[in-house]
Amino acid sequence: SSDVCSSDLVMLLILTVLGMFMDPVGMIMLTLPFFFPVVQALGVNPIWFGVLIVLQAEMGVITPPVGVHLFVVRQIVPDIPLSAIIRGVLPFMICQFIVIALVFLFPQIALAPRQDALVMSGFSLNMDLSQVICPLPHCKGEINDRRCF
């Protein structure tokens, strides 16, 4: 278990460093072919790891020195120096780091809502679509209206 945690932390650290210099799509496309086989071999839940990658990519767009969103904000308000924008982003980086740490330490945060959200909204993964009330306006709430599906 410690090998799994340490290898996941190393992968997140690599994503952090790459996020400082690359856009998120390029970072994910560059690393995922190498990381995903390792994740599978370690028996890590791929959905949980995918959520961590997305959270890390979100953090990458605001991480100095080349955070893409930093330069977008700089172009919108050119009167504010980049150093002030970076200082303004630091609280958001801290919050994002806390979210990543919580998802890393408690994988249920990323994994539990899938089934529970569907069940609470009236859906089940095994549910027959003929019993679903059509949400589209032209159906007028009728059950078993095949035009919806």
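All of these numbers come straight from a predicted model, not from anything done at the bench. (Residues numbered from 1 in each chain as written. Predicted model: local features only at pLDDT ≥ 70, side-chain atom pairs only at ≥ 80, totals over all residues. Heavy atoms only, no water.)

Observations regarding the overall build of the protein chain
Helix and strand counts for the protein chain stand at seven helices and zero strands. In the protein chain, the order of α-helices and β-strands from amino to carboxyl end is α-α-α-α-α-α-α. Burial analysis of the protein chain (149 residues in total) assigns 26% to the buried set. Contacts in the protein chain between residues at least 24 apart in sequence constitute 50% of all its contacts with a sequence separation of at least 6. Accessible surface, the protein chain as shown: approximately 9,500 Å² in total, 73% of it carbon and sulfur. (Helix = DSSP H or I, 4+ residues; strand = E, 2+ residues; numbered from the N terminus. Buried < 20%, exposed > 50% of the residue type's maximum accessible area, 1.4 Å probe, protein only. Contact = heavy atoms within 4.5 Å. Areas by Shrake-Rupley, 256 points an atom, 1.4 Å probe, with all protein chains shown as cover.)

As for the confidence of the model for the protein chain
Keep in mind that low pLDDT regions are not for reading the predicted coordinates in detail. Summary statistics for the protein chain give a mean pLDDT of 79 and a share of 74% for residues scoring 70 or more. Here helix H7 (residues 113-120) stands out as the least confident element of the protein chain, with mean pLDDT 55; helix H5 (residues 82-105) is the most confident, with 93. Low confidence marks residues 127-139, where pLDDT is under 50. Its contacts with residues over four positions away, or in another chain, come to 25 contacts. The low-confidence segment residues 143-149 (pLDDT under 50) makes 17 contacts with residues lying over four places distant or belonging to another chain. (pLDDT = per-residue confidence, 0-100.)

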